[in-house]
Amino acid sequence: MPYARIAGTGGYLPTHVVTNDELAADLATRGVETSDAWITERTGIRQRHIADPGTKTSTLATAAAQAALENAGLRAEDIDLIIVATSTPDFIFPSTACVVQANLGVGGAAAFDIQAVCSGFVYAMATADAMIRAGRARHALVIGAEVFSGILDWSDRRTCVLFGDGAGAMVLSASDQPGILAAQLNADGRQQHILCAAGNVSGGQITGDPFLRMDGQAVFKLAVNSLTRSARQVCEEAGVQLSELDWMVPHQANIRILNFIGRKLDLPEEKLIVTLDRHANTSAASVPLAFDVAWRDGRMQAGQLVLLQGVGGGFTWGSVLVKL
Ligand code: UT7
């Protein structure tokens, strides 16, 4: 059975950067009080990229996909599976993956979306891995893309300062060499209320609450515990010691969460890939965007072991262990 190997990666961020100071000044005009000091100290976030109003997730996803294809030295025609992880799809349907496929000017390959919020990319990667290993795909385009700015309540300072927009993509190709060594996905739907955007469209009306809501402290605790456990389990499954990991690419939500996990797993800080200071939390895009930065700046080298981890609404979490 072939392995799925990372053949290339790509990322795309909207050009409009909003610093904490700029955001605080803008929120102040709406009567919402926050500060660079609070955001930096409590989260590690210093700025975020925000898409222009009306920007579609597929536009960001397509740009990231094109960069990943170029990096892999492949053409869109070579791709036989497209998976987009997103919680901010263009439409109810068709899927954002189908829109990306059309944007790339191709047709025929399987294309679908995965909804696992901030764990979405890890879910999508594990799904593509399973399809490649089963011989159902040779070159998969796996994308995490979000325009989260569209579902934020800009009067809720507990959430609106945390998120940004962006897209990250990866090409996974079948290979005799490993590849993805192990993957582990989990969910606990009983915790859905701690992080949700519980609205829908019915009869031409929005029903429920269309904005993201979060019990930050509950999410914080679950994130630390579930990711620590998941890291241990996925490494055990692959017969890899945690100390052998070269890099960890966790979901970029809060520097304090990353540091807690690093300490619990005894991973030196230098092994954590951190982009949340520049990107903020881009939900399903955060892991592939962070991975792309470290892949392109030369930190990641062939043969190294990398642990990718997602966690978020659902409640969902998961890990993918990769040999580069
Ligand atoms: O992507 C999905 C995964 N998401 C996460 O992993 C997020 C996990 N949670 C967190 O990162 C943190 O819980 C937050 C960053 C969301 C909040 O940090 P915290 O240290 O848990 O703060 P808190 O919610 O306990 O709030 C502390 C204080 C409160 O004021 P009082 O009640 O003590 O007077 C808040 O009202 O900070 C206040 N506060 C703010 N102040 C200024 C909350 N948000 C802000 C803000 N600016 N933006």
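Provided above is the structure to which this section pertains.
Reading the values: rules and limits
- Residues numbered from 1 in each chain as written.
- Predicted model: local features only at pLDDT ≥ 70, side-chain atom pairs only at ≥ 80, totals over all residues.
- Heavy atoms only, no water.
- Helix = DSSP H or I, 4+ residues; strand = E, 2+ residues; numbered from the N terminus.
- Rg over C-alpha atoms; globule rule 2.2 N^0.38 Å.
- Contact = heavy atoms within 4.5 Å.
- Lys, Arg positive; Asp, Glu negative; His and termini not counted.
- Charge placed at Lys NZ, Arg CZ, Asp CG, Glu CD.
- Near = heavy atom within 4 Å.
- Polar contact = N/O pair within 3.5 Å; in protein donor to acceptor, adjacent residues only side chain to side chain.
- Areas by Shrake-Rupley, 256 points an atom, 1.4 Å probe, with all protein chains shown as cover.
- Nonpolar A, V, L, I, M, F, W, Y, C, P; charged D, E, K, R; others polar.
- Pairing = 2+ DSSP bridges.
- Right-handed = clockwise from strand over helix to strand, strands pointing away.
- Axes fitted to C-alpha atoms, helices over the stretch in contact; angles between N-to-C directions.

Here's the deal with the overall build of the protein chain
A count of helical and extended segments in the protein chain gives ten helices and 15 strands. Radius of gyration (C-alpha) of the protein chain: 18 Å, near the 20 Å computed for a compact globule of 324 residues. The principal-axis extent of the C-alpha atoms belonging to the protein chain is close to 60 × 45 × 40 Å. Taking as baseline every contact in the protein chain between residues at least 6 positions apart, the subset at least 24 positions apart corresponds to 77%. Considering the protein chain, the positive charge centre built from 25 side chains and the negative charge centre built from 32 side chains are found 5 Å apart.

Considering the site of the ligand
Neighbouring the ligand are 22 residues; Thr-34, Arg-42, Gln-217, Asn-254 and Asn-281 lie closest to it. Thr-34 places a polar side-chain atom, nitrogen or oxygen, 2.7 Å from a nitrogen atom of the ligand. With respect to the ligand, the backbone of Gly-216 contributes an N or O atom lying 2.9 Å from a nitrogen atom. Look at the ligand: alone it shows 960 Å² of surface, and the protein chains cover 75% of it. When residues of the shell around the ligand are traced back to their parent elements, those giving at least two are helix 2 (36-43), helix 6 (157-160), helix 7 (216-238) and helix 8 (255-264). Top element by residues in the shell around the ligand is helix 7. It accounts for four residues. Here the shell around the ligand is built from residues that sort into ten nonpolar, seven polar and five charged.

Quick notes on the pairing of strand 5 (residues 110-114)
Looking at chain direction, strand 4 (residues 81-85) and strand 5 are connected through five bridges and run parallel. Bridge assignment links Ala-85 to a residue of strand 5, and that residue is Ile-114. The parallel pair strand 4 and strand 5 is bridged by helix 4 (residues 96-103), and the resulting crossover is right-handed.

Considerations on the sheet that holds strand 1 (residues 3-12)
As summarised here, the arrangement of the five strands in space is 1-7-6-4-5, forming an open sheet in which the pairing is mixed. Among the strands making up the open sheet, the edge pair consists of strand 1 and strand 5. Geometrically, the sheet is characterised by an average inter-axis angle of 20 degrees between neighbouring strands, direction not taken into account. Relative to strand 7 (residues 166-175), strand 6 (residues 139-146) is paired through eight bridges, and the arrangement is antiparallel. Within the sheet, the bridge partner assigned to Ile-143 lies in strand 7 and is Ala-169. Across the sheet, helix 3 (residues 57-72) lies against strand 1, strand 6 and strand 7, angled at about 125 degrees from strand 1, the strand it touches most.

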